[in-house]
Each structure stands twice: as structure tokens, then as C-alpha cells.
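Structural description and commentary
As a plain string of letters, each chain reads:
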Amino acid sequence: LGIQTGFTRLLVLSLSFPLGFLIGRFVYFRRSHVEIVYDDLSFQVFKGHKPKVSGSWKSFRLVSIAVDGYGRPDLRLYKSVDGDFVELPISRVGVSPQAFRDQVRKILSSARSSSINLQVAEAA
Amino acid sequence: MKSAVDVIERELIRGRARWVADLTEFFRDYKVMDTTFNLYARGKTRNKGLFLSRFFASTVLPNYAVSLLCADESGRGALTTEKIRQRADVVFRIISEENLRWAWLIILTDFRLTPTVVSFIERYDRRELGIGIANVSSRQAVFSNNQVGRSIRSRLGLEKLLGGLTHGEAN
């Protein structure tokens with residue numbers, strides 16, 4: 001096949017590693033890479049290039065850290081106590097679960113207080 | 001700066017309680033009626049594991065719902081038996097509402113534990129509730145004299161956890 005000679009064999013081997021790495025990286029970013037984009041109003045979870053979950057912080061009342069069957073801590077957002085919830089896969093993005101949970105709690109409480117203020121303003 | 005509750009939660013997330021219970025969900029500042037617990041963790045006695053441990057767990061271990069509640073009374077005056085009793089009553093309410101088999105109650109304080117409190121806890125023997133009281137400054141800890149209470153020391157290692165706190169973390 002033409003790879004019998006020492007130089008060609010070395011060339012093929014030295015090219016196949018970075019090529020495999022690049023293809024693997026491309027496939028990973030295309031299909032499995034998880035990204036969480038958020039601001040003070042809403043969040044969006046992307047897996048690969050596709051948006052998986054999105055929502056507005058003010059729809060949620062409670063936040064918890066939920067550990068899955070493999071011991072990975074994710075964030076769980078509840079619309080009501082023990083009601084419907086949405087999971088943010090924070091273990092896949094490499095943030096500290098406690099620090100991120102505290103940040104989300106701050107966002108939720110500020111979103112809730114601003115919605116209460118709006119209700120008061122409407123009532124007035 | 002990390003508080004003692006943060007450290008306990010971090011260790012529980014890492015699976016420190018797994019020999020007794022697989023705690024899978026953690027809430028902070030969990031409010032029940034008028035009482036707020038700094039940490040509320042819930043889970044089951046059957047852990048997941050992989051292959052052999054999963055098979056062992058599913059065939060041998062019972063799947064009871066259990067929970068851990070932790071309250072930090074630091075900076076709120078001396079801990080009294082009345083305060084402990086009030087907390088215990090709320091935990092019993094949670095046990096009956098959520099159909100739990102048992103629960104751990106950990107109360108942290110920065111006041112010296114009085115002999116009355118120590119005696120009250122050491123004589124506490126209701127099966128469903130294990131109580132552990134710890135002083136975050138002196139690392140003194142006392143546990144209820146029932147199986148669930150003793151497991152706070154032996155399995156959860158509360159004293160070791162608090163002993164590992166640096167002065168800054170203990171705030």
C-alpha cells in the first residue's frame with residue numbers, strides 16, 4: 001500500500017494522530033459539548049449546536065443540587081415545591097455546584113422581588 | 001469564605017454519607033412552616049453504584065426515603081433544649097409528610113454546649129430521628145443515643161468534618 005517504507009509510515013502515523021484529534025474534537029463540539037448561557041433574566045442550555053433547555057428565571061421558585069447516579073452534581077430548578085423541574089447539567093461545564101447554585105439563588109430572589117414590585121406597581 | 005454548613009454540604013455531595021444513605025438532592029435555606037434549615041438533603045438508603053455494588057444494593061439494601069437537616073444557630077444565642085425540641089418537632093413533621101424512615105438533624109452553634117443540652121441529647125432515643133449537636137469553635141460534639149444518632153459520628157464523621165475546618169472556614 002505504499003506505507004512499507006520507513007518515511008511514509010512515519011508520515012502517516014504523525015498525520016493520523018492530529019487528524020484523529022481534530023475529527024474527535026469536531027464531533028465532540030458538534031454533538032456532546034454542553035454550554036449554559038445565562039443572564040439575569042433567562043438561561044439556555046446548548047448540547048452541541050442544538051438548544052436543549054431554555055427558560056426564564058422568574059418561572060422558577062426553588063433551586064437544588066441534584067446528584068445523578070454517577071455522582072455528578074447538577075442543578076435542579078423547581079417551578080413549585082416538589083413540582084415540575086428543569087435540570088441544568090452544570091457537572092458538564094465544570095463549574096463549582098455550590099458557587100453556581102448560590103449565584104442562581106441570588107438571581108431567582110432578585111427576579112422574584114422585581115416581579116413582586118411590578119405587581120405592587122400594577123395594583124397601585 | 002466557606003461556612004461549616006458549606007463544608008458539610010460539599011462533603012455530602014461527594015458522597016460522605018454513602019455507607020448509610022445515598023443523599024441525592026440538596027436544598028439551602030429550606031423553610032418548613034416558620035422554621036428555616038440551612039441545609040436540607042434527601043435521598044434513599046439504597047445507593048446506585050456500578051455492577052456488583054448495584055446488584056448488592058438492589059438485592060440486599062432496603063430502599064427507604066431518608067433525609068438530613070442542618071441548622072446553624074451560630075450568632076443566635078445559647079442553644080437550649082427548647083430550641084432543639086422545636087427543631088425536632090419540625091423534623092418529625094417532615095418525616096411524616098414525606099414518609100421518611102428516619103432523618104438526621106445536625107445543629108451547629110458557636111456557644112458552649114451546656115450540661116443540660118448534652119444530657120438532653122444523650123438521653124434522646126426516638127428511633128426515627130438522630131440528633132447531632134456540634135460547637136463549631138471548640139469542635140465539641142454530642143450525639144443522640146440511638147442508631148441513627150450514633151451514625152452521625154461513625155459514618156458521617158461530623159467531628160472530623162468540623163476538625164478539618166480552618167479557623168476562617170468555621171466563621
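The rules behind these values
Residues numbered from 1 in each chain as written. Chains lettered and ligands numbered in written order. Predicted model: local features only at pLDDT ≥ 70, side-chain atom pairs only at ≥ 80, totals over all residues. Heavy atoms only, no water. Helix = DSSP H or I, 4+ residues; strand = E, 2+ residues; numbered from the N terminus. Buried < 20%, exposed > 50% of the residue type's maximum accessible area, 1.4 Å probe, protein only. Contact = heavy atoms within 4.5 Å. Areas by Shrake-Rupley, 256 points an atom, 1.4 Å probe, with all protein chains shown as cover. Lys, Arg positive; Asp, Glu negative; His and termini not counted. Charge placed at Lys NZ, Arg CZ, Asp CG, Glu CD. Buried area = accessible area lost by both parts, 1.4 Å probe. Salt bridge = Lys/Arg side-chain N within 4 Å of Asp/Glu carboxyl O. Polar contact = N/O pair within 3.5 Å; in protein donor to acceptor, adjacent residues only side chain to side chain. Patch = residues over 30% accessible without salt bridge, like charges linked within 9 Å, V, L, I, M, F, W, Y side chains within 5 Å. Pairing = 2+ DSSP bridges. Axes fitted to C-alpha atoms, helices over the stretch in contact; angles between N-to-C directions. pLDDT = per-residue confidence, 0-100.

1. Comments concerning the overall build of chain B
- Secondary structure summary: chain B contains 7 helices and 6 strands in total.
- Reading chain B from its N end, one meets helices and strands in the order α-β-β-α-β-α-β-α-β-β-α-α-α.
- By its C-alpha atoms, chain B is 50 × 35 × 25 Å across when sized along the principal axes.
- Here chain B holds 171 residues, and 53% of them are scored as buried.
- Excluding contacts between residues fewer than 6 apart, the proportion of contacts in chain B whose partners are at least 24 apart in sequence is 61%.
- When the accessible area of chain B is evaluated, it comes to approximately 8600 Å², of which 50% is carbon and sulfur surface.
- One way to put it: in chain B the 27 positive side-chain charges average out to a point 6 Å from where the 19 negative ones average out.

2. Considering the interface of chain B and chain A
- Counting residues at the interface gives 15 residues for chain B and 15 residues for chain A.
- Between chain B and chain A, the buried area comes to about 1300 Å², and carbon and sulfur atoms account for 44% of it.
- Where chain B packs against chain A, one counts 3 salt bridges.
- One can count 10 residue pairs in polar contact (both at pLDDT 80 or more) joining chain B with chain A.
- Secondary structure elements with two or more residues in the side of chain B that touches chain A: helix 1 (4-13) and strand 1 (22-32) of chain B.

3. Some thoughts on a positive patch on the surface
Residue and element names in this part refer to chain A.
- Together, R30, R31, K47, K50, K52 and R92 make up a positively charged patch on the protein surface.
- Listed by contribution, the elements that provide at least two residues to the positive patch are helix 1 (6-31) and strand 3 (50-56).
- Tracing the backbone through its elements, the reader meets K50 in strand 3.
- Exposure remark for K50: the relative accessible area of 62% places this residue in the exposed category.

4. Some points on the sheet that holds strand 2 (residues 42-47) of chain A
Residue and element names in this part refer to chain A.
- Spatial strand order, 1-2-3: 3 strands in an open sheet with antiparallel pairing. The open sheet has two free edges, formed respectively by strand 1 (34-38) and strand 3, since each of these has just one partner strand. Neighbouring strand axes in the sheet, compared pairwise and without regard to direction, differ in orientation by 15 degrees on average.

5. A word on the environment of T59(B)
Residue and element names in this part refer to chain B.
- The topology assignment puts T59 in helix 2 (residues 51-60).
- Separated by 100 residues in sequence, T59 and E159 place their C-alpha atoms 33 Å apart.
- Polar side-chain contacts of T59 include one of 3.2 Å to the backbone oxygen of F56.

6. Describing the confidence of the model for chain B
- Averaged over chain B, the pLDDT score is 90; the fraction of residues at 70 or greater is 96%.
- This prediction of the complex comes with two scores: 0.86 for pTM and 0.87 for ipTM.

7. Describing the packing of helix 3 (residues 81-97) of chain B against helix 4 (residues 115-123) of chain B
- The interhelical angle for the contact between helix 3 of chain B and helix 4 of chain B, taken along N-to-C directions, is 35 degrees, at an axis separation of 9 Å. Of helix 4 of chain B, the residues touching helix 3 of chain B (which contributes T81(B), I84(B) and R85(B)) are T116(B), V117(B), F120(B) and I121(B).

8. Observations regarding the sheet that holds strand 6 (residues 85-88) of chain A
- As summarised here, the arrangement of the 9 strands in space is 6(A)-5(A)-4(A)-1(B)-2(B)-3(B)-4(B)-5(B)-6(B), forming an open sheet in which the pairing is mixed. Strands with a single pairing partner mark the edges of an open sheet, and in this sheet they are strand 6 of chain A together with strand 6 (141-143) of chain B. Sheet twist, expressed as the average angle between the axes of neighbouring strands with direction ignored, equals 20 degrees.
- One ladder, built from 7 bridges, connects strand 4 (residues 102-109) of chain B with strand 5 (residues 129-135) of chain B; its direction is parallel. Pairing of A103(B) across the sheet is with L129(B), part of strand 5 of chain B.
- Strand contacts of helix 4 of chain B: strand 5 and strand 6 of chain B, with the helix running at about 35 degrees to strand 6 of chain B, the strand carrying the most contacts.
- In the packing of helix 5 (residues 147-154) of chain B onto the sheet, the strands contacted are strand 4, strand 5 and strand 6 of chain B, and the crossing angle to strand 4 of chain B comes to about 55 degrees.

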